[in-house]
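Now for the letters of each chain:
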Amino acid sequence: MKMRTRDDVKLINQGLEDEMEVRGYRPCLWKMLLVGVGAVCSGGLLLLLLYWLPEWGVKGTCTRTSVRDAHTLLLRTKDEFRQWFRVRVHRMLAPGRKPFGDLDVKPQTPNGDFVHQICSVSEEHPPDGQQLQIRYFTHHSFRYYWNDVIQNFELYQGLEDVKVSCAHIHSEHSCGLTKTLQDYRRLFFGENEIAVRVPALFKLLIKEVLNPFYIFQLFSVVLWTAEDYYYYATAIVLMSVISIATSLYTIRKQYVMLHAMVSAHSVVRVSVCRGNKDIEQAMSTELVPGDVISIPANGMVMPCDAVLFQGTCVVNESMLTGESVPVTKTSLPSSGDEAARRYNMEEHKRHTLFCGTHVIQTRFYAGQLVKAVVIRTGFSTEKGQLVRSILYPKPTDFKLYRDAYLFLLCLVGVAGIGFIYTIVLSIMNKVSARTIIIESLDIITITVPPALPAAMTAGIVYAQRRLKRVGIFCISPQRINMCGQLNLVCFDKTGTLTEDGLDLWGIQRADNGSFVSAESGMAEERLMDTAFVACMATCHSLTKIEGELSGDPLDLKMFAATGWILEESTEEETALHDPLIPTVVRPPKQTISERNQNRLEVQNTLQSGEIGIVRQFPFSSALQRMSVVVRRLGEKHMEAFLKGAPEVVASLCKPHSVPQTFTETLEKYTRQGFRVIALAHRQLESKLSWHKVQTLSRNLIEDNMDFLGLIIMQNKIKQETAGVLAELHRASIRTLMVTGDNMLTAISVARDCGMVRPQETVIIADAEPPKDSHRATITWHYVDSPAQRGGADQAKISVEEETYQFAVNGRAFAVITEHFPQLMQKLALRATVFARMAPDQKTQLVEILQGIDYTVGMCGDGANDCGALKRAHSGISLSELEASVASPFTSSTSNISCVPSLIREGRAALITSFCVFKFMALYSIIQYISVILLYWILSNLGDFQFLFIDLVIILIIAFTMSLNPAWKELVRQRPPSSLISGPLLCSVLTQILTCLGFQVLVFNLVQQQSWYETWTPQSDACNASRSIFSHSSNRTTSHDHKNIRNYENTSLFYVSSFQYLAVAIVFSKGKPFRQPSYKNWPFMLSCIALYSFLLLIMLYPIPAIDNFLEVVCVPHDWRTTLVVIIAANAMVSLVLEILIVDVVLWRLVFRGSQGPNGPGESSSGDTPQVANYRWGALFLSRLFCRRNKPPKVLYRQLALELQEDAAWPPKPSAVTYAADPQNHISAAL
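Being a predicted model, the structure only gives us computed values, none of them experimental.

**Quick word on the overall build of the protein chain**
- Across its full length, the protein chain holds 42 helices and 42 strands.
- Burial statistics for the protein chain: of 1229 residues in total, 54% are counted as buried.
- The contacts in the protein chain between residues at least 6 apart in sequence include a share of 74% that link residues at least 24 apart.
- Summed over all atoms, the accessible surface of the protein chain reaches about 54700 Å², with 57% contributed by carbon and sulfur.

**Considerations on the sheet that holds strand 18 (residues 358–363)**
- The antiparallel open sheet is built from 4 strands, whose spatial order is 13-18-15-16. Sheet topology places strand 13 (300–301) and strand 16 (327–329) at the edges, where each strand pairs with a single neighbour.
- Where strand 15 (residues 312–316) meets strand 16, 3 bridges bridge the pair, whose relative direction is antiparallel. What sits directly across from Val314, in strand 16, is Thr328.

**Details of the packing of helix 30 (residues 821–830) against helix 42 (residues 1194–1203)**
- Here helix 30 crosses helix 42 at 95°, and the two axes come no closer than 10 Å. Taken together, helix 30 and helix 42 sit at an angle that is classed as roughly perpendicular. In this structure, helix 30 contributes Gln825, Lys826 and Leu829 to the contact, and helix 42 contributes Leu1194, Tyr1195, Leu1198, Ala1199 and Leu1202.

**Here's the deal with the packing of helix 9 (residues 212–226) against helix 10 (residues 230–263)**
- Close contact between helix 9 and helix 10 brings their axes to 8 Å; oriented N to C, the two are set at 160°. Between helix 9 and helix 10, the angle falls in the class roughly antiparallel. When the axes of helix 9 and helix 10 are compared, the crossing they make is left-handed. Between helix 9, through Tyr214, Gln217, Val221, Trp224 and Thr225, and helix 10, the contact on the second element is made entirely by Tyr230, Tyr232, Ala233, Ile236, Val237, Ser240, Ser243 and Ile244.
- In terms of residue class, the contact of helix 9 with helix 10 is built from 9 nonpolar, 4 polar and no charged.

**Some points on unusual backbone geometry**
- Even without a glycine there, the phi angle at Asn13 is positive, about 55°.
- Overall, Asn13 belongs to the buried group, its relative accessible area being 12%.

**Section: the pattern of salt bridges**
- A complete count under the given rule lists 25 salt bridges for this structure.
- The partner of Arg466 in a salt bridge is Glu905, and the shortest N-O contact between them spans 3.0 Å. Of this pair, Arg466 sits in helix 16 (residues 452–469) while Glu905 sits in helix 33 (residues 898–936), and the two are 439 residues apart along the sequence.
- Among the ionic pairs, Asp706 bridges to Lys654, the shortest N-O distance being 3.4 Å. A residue pair is termed long-range when its members are at least 10 positions apart, and Asp706 in strand 32 (residues 706–714) and Lys654 in the loop between helix 22 (646–651) and helix 23 (662–671) qualify at 52 residues.
- The class of Lys654 is partly exposed, set by a relative accessible area of 23%.

**Focus: a nonpolar patch on the surface**
- There is a patch of nonpolar side chains on the surface, built from Leu49, Tyr51, Trp52 and Trp56 and spanning about 400 Å² of accessible area.
- With respect to the helices and strands, the residue Tyr51 is situated in helix 2 (residues 45–52).

**Thoughts on the packing of aromatic side chains**
- Taken as a whole and judged by the stated rule, the model has 30 aromatic pairs.
- A ring pair is formed by Phe137 and Tyr144, whose centres lie 5.0 Å apart and whose planes are at 10°; its orientation type is stacked. This pair shows no difference in class: Phe137 is buried, exactly as Tyr144 is.
- An angle of 80° between the planes, with centres 5.6 Å apart, marks the rings of Tyr804 and Phe806 as edge-to-face.
- The exposure class assigned to Tyr804 is buried, which follows from its relative accessible area of 4%.
- Members of the aromatic cluster, each reached through a chain of ring pairs, are Tyr136, Tyr145, Tyr156, Tyr184 and Phe188.
- Between the NZ or CZ atom of Lys826 and the centre of the ring of Trp1208, over which it lies, the distance is 5.5 Å.

**A short note on the pairing of strand 37 (residues 831–835)**
- Within strand 37, 5 of the 5 residues are buried, which leaves the element mostly enclosed by the surrounding structure.
- When strand 33 (residues 734–738) meets strand 37, the two strands line up parallel, connected through 2 bridges. Along strand 37, the bridge assignment pairs Met737 with Val833.
- As judged from the 4 bridges shared by strand 36 (residues 804–809) and strand 37, these two strands associate in the parallel manner. Pairing of Asn809 across the sheet is with Ala835, part of strand 37.

**Points about the sheet that holds strand 12 (residues 292–295)**
- Strand order in the open sheet formed by 6 strands is 11-10-12-19-14-17, and the pairing between neighbours is antiparallel. Across the chains shown, the open sheet's two edge strands, defined by having one partner strand only, are strand 11 (278–283) and strand 17 (352–353).
- Pairing of strand 14 (residues 305–310) with strand 19 (residues 370–376) involves 5 bridges; the strand directions are antiparallel. In the sheet register, Gln310 faces strand 19, and the bridge partner there is Lys371.

**Comments concerning the confidence of the model for the protein chain**
- Residues of the protein chain with pLDDT of at least 70 account for 81%, and the chain-wide mean is 77.
- Across the protein chain, element-level confidence peaks in helix 38 (residues 1081–1099) with a mean pLDDT of 92 and bottoms out in helix 5 (residues 114–124) with 38.
- The model gives residues 571–579 a pLDDT under 50, and that stretch makes 14 contacts with residues more than four places away or in other chains.
- A low-confidence stretch, residues 787–800 (pLDDT under 50), is modelled with 19 contacts involving residues beyond four sequence positions or located in other chains.

**Points about the state of the cysteines**
- Here the structure, examined in full by the defined rule, presents 0 disulfides.
- No disulfide involves Cys28; its nearest neighbouring cysteine sulfur is the one of Cys62, lying 8.0 Å away.

**Quick word on the environment of Asn192**
- Secondary-structure assignment places Asn192 in the loop between helix 7 (179–189) and helix 8 (201–209).
- Here Asn192 falls in the buried class, since its relative accessible area comes to 2%.
- Each C-alpha atom, one on Asn192 and one on Val288, is 6.9 Å from the other, the two residues being 96 residues apart in sequence.
- The contact partners of Asn192, leaving out residues within four places of it in the chain, are Ser284, Thr285, Leu287, Pro303, Cys304, Thr377 and Gly378.
- Separated by 2.9 Å, the side chain of Asn192 and the backbone oxygen of Ser284 make a polar contact.

**Describing the nonpolar core**
- Residues Phe919, Met920, Ile953, Ile954 and Ile957 are the most contacted members of the largest nonpolar core, which totals 84 residues.
- At 20 residues, helix 33 tops the list of elements feeding residues into this core.
- Contacts of Ile954, omitting those with residues within four sequence positions, involve Phe919, Met920, Tyr923, Ile949 and Tyr1060.
- Counting residues in each nonpolar core, the second largest holds 44 residues, with Val738, Ile763, Ala767 and Leu849 among its members.

**What about helix 7?**
- Along helix 7, the positions that sit buried rather than exposed are Leu181, Gln182, Tyr184, Arg185, Arg186, Phe188 and Phe189.
- Gly190 occupies a position one or two residues after helix 7 and carries a positive phi of about 70°.

Conventions we followed
Residues numbered from 1 in each chain as written. Predicted model: local features only at pLDDT ≥ 70, side-chain atom pairs only at ≥ 80, totals over all residues. Heavy atoms only, no water. Helix = DSSP H or I, 4+ residues; strand = E, 2+ residues; numbered from the N terminus. Buried < 20%, exposed > 50% of the residue type's maximum accessible area, 1.4 Å probe, protein only. Contact = heavy atoms within 4.5 Å. Areas by Shrake-Rupley, 256 points an atom, 1.4 Å probe, with all protein chains shown as cover. Pairing = 2+ DSSP bridges. Axes fitted to C-alpha atoms, helices over the stretch in contact; angles between N-to-C directions. Parallel < 35°, antiparallel > 145°, perpendicular 65-115°, else oblique. Left-handed = near helix turned anticlockwise from the far one by under 90°. Nonpolar A, V, L, I, M, F, W, Y, C, P; charged D, E, K, R; others polar. Salt bridge = Lys/Arg side-chain N within 4 Å of Asp/Glu carboxyl O. Patch = residues over 30% accessible without salt bridge, like charges linked within 9 Å, V, L, I, M, F, W, Y side chains within 5 Å. Phe/Tyr/Trp six-rings, centres within 6.5 Å; stacked < 30°, edge-to-face > 60°. Lys NZ or Arg CZ within 6 Å of the ring centre and 35° of its normal. pLDDT = per-residue confidence, 0-100. Disulfide = S-S within 2.5 Å. Polar contact = N/O pair within 3.5 Å; in protein donor to acceptor, adjacent residues only side chain to side chain. Core = buried A, V, L, I, M, F, W, Y, C linked by side-chain atoms within 4.5 Å.

Encoded structure:
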């Protein structure tokens, strides 16, 4: 027998988030015939099953074949969800196999000759205009093409697929494409549009109706109709129609909104370059990767992703990042080391114009256009990827939903028992086959609650509305429940914990290699002509938009402090300069009187002070610096100014120009929480021309600088920050700071806002990468807390008491993750400050924290936190926009007070989901018990009894019990995340047993009454007991063939109706996660109204209502007895829930063993009450076998391991070496 290898299983998107396995299939005639026969025999149910399970559908109608020869493909995701997708393989004719084949076959001429490009296309493929057949499939708006070389399908995203360097883009792609080559590439990339089709209502209707939930309801309605439950079946049909209509309206509205958002400005006219000079107008839908477009001077909304290779643009990227501050985009480097590097969209985003962003204005030079090369089109663009994530969201990986399905399977199991019981009982009583089938199937429809999905969604919808009222907008409602489980929140610093704007505290200039005294500002006239002030006035990315200065708040504050004036050059003004200088800054103008006294002198002063900005290298988070090349008016040589992180700037300066006290001075300011920025200057060679400067690499200019000094900025902590962090700390929610700022500044801010407490010691992990023959190392530096200035002994005591935190910078983070992976999780467990972190490192940190089982929240401004915001379980962007695609949640409040609000609402929504689920499960079981007992006497509940229970009681209660608002404060206790947990299962089981016991009691007790007899229309139990009421409802003309009217039915109907209300009240819990139920007025009024109505019709029967509900008259004494039983039932349910579940199980067993010391450890200072509590917890923990049970989550396991590790934390000034199996730590000399 030939073994099947895994060669016929291919992998696509390897290493990416959407990695998938691909299996090939071809149609099989005999399997299709069998499925057809099965579909006919099952009445179409088999087809529905194959529709719901695509892998069964493919395997049931096809046979395996190689992926290359497949007609149908089966895709399976490699993530934790393991989803299946069925796709069909299509074929198209094209003159070539690959869109960039011509670029790979032969080297092109230096000037990018078009004739050569077209010829190379034709030479690559068969002559005589023959067309090749290319196989492809489409999945989630992406096209995958078969590649014979790699024998697999591959995705063509754009120009990046060719792996071009920046210099190559300038030399080979700057002239544009011919129309022939453009048309050829469009065969592969399709139209440049993000097509969000609004589906037809009929298509949406079919898809909605084929939902398993509605199919089950259809089955139930048919069954109820067969049982003559016409009114109940009609009511359910009406409810289903309303539900479907509401769902269709919501889905279609979302599609229309998304379509409107995407289609706005998506199709525009663009100027496409054909050759060096030819420019033609075309529709943006015709663009393909490799096209060159011209950006108009008045700006545009970008229809594609394009890299700027000529000119400068000011762009508003708020649609992508949520950050409304305009960003300056500069041209791609064309020479030097940076130009030789491969173009990467993330790495070169400062040169990339993203689809959907708004180019506000361009800076162009005389006789030249601002040009960009199209990199990606359609769904491959950044905007397209975001739209795809909305159109095809990943399933929510939340334990609640997985457990809900398991619980439903348990209910199906219970229904199976009832199914067998009904069949056996009916056969014993010689019931007709038709009745046996109908009644046994009816048990299944009773056990599985049809309104469960809608009821569980209600809590999330209400929470979303409450969040909107406090300015928190949500684009992923299912994540609200996740917020209830957050136990760690990462915060950005600037603009999140601290104010957006910085105040200039002072400057510390350097002169001849030493610092001069600190100065409060630049007001003194003697400073105006210094290079220091010139650097502040020119080294920024500010621009004028509609006459107003706009740009980064830090740049605005620094520029304002100089008092200089920025002017965008006009045609007339540029005559004074090199005609290629776009921006000029001038020192403050003199007063009118002074100008009138000596106009010529003033004119000379102004002219000599003007500085033109020749080239700009924008700020890079990865490089932590920015620089500009400038030329003063009248000077022949150019100058370079640099600003950035002090450590980075100092490393780029001449050593003798950096003061010897640089480190001590920097530490003095950063310890006080100041944000420090360093400036540097360099005079460039006079032989450098403007054109030469435009081609120089950044590294050549930002080298051999002269250190100018430090700017000290005061970054004030927001008023709300300390209080919010204290609230999170009290709730045992861990907080981290992840910032791009200086380490000591971040530590100081962390102390000031309470993230690091005064008595805690901070240990800085300073890592060095391997160099020459030396291994990578980590040096552990202790930073004493303000409360511990006494020396190493006190620091040692604090560490032994576990009052220590780690701090890591971005450089060390990169070294540790690569060379010390075994230490990363230990550090993540106790690290609080992460400084100088690049955007991708923030995302990586979130993944590491999730890897040790933290439920992570991330709060930032959305500028450079996008990756981390989307990766976190709950990302919150502080943005003025109502909804940002940068994160699931957007807060219009510009401080972190939204975080506890979101967690409170998440906890309330989560508890509401549990309450509703438990209530719906109990409702099914209570009704199930009633029907099973009535089947014993060949009876059942009546049509209007079902109608009253489901519509009047269940529907009203299920939707009003979800209205409890969130509790006003966060507590240490966290809600459970699983339905399959001890307390919740005990809660449900105790209530089931209680309801079962009281229903069985009533069922047997009624049969033992002296007046009891098998009920007939002539029965008159009321008169037999001398009741004072008239009971005409018992005077029926014919006996009910379904045996609905009897004493057992009436008694069980009354008792079960009150049981629904009792469990609703018992399960509708308030504190500590929700407001008490008595504050939920709709719920309380509903309960009071239903209790009053039920008591009224039970104690004082109304003939019309009795006749409608098909209940019979019973003696008044028995009614009184029922009231006593109902009251006892409610009391037992309440006591069991509060005493056993809330107190004994939850507090003592399941929470008691998770305390910091464990339940068995007592303190000498304990009061008798606390001691009893501890011993009670110890006894119950042992009784339930939970003593010394290891924690399930990884971060708790790591914490326990580190408690027993004598070598952790490392000693002061210790050094840890990489690649040492023993992780040997040697003390430094």
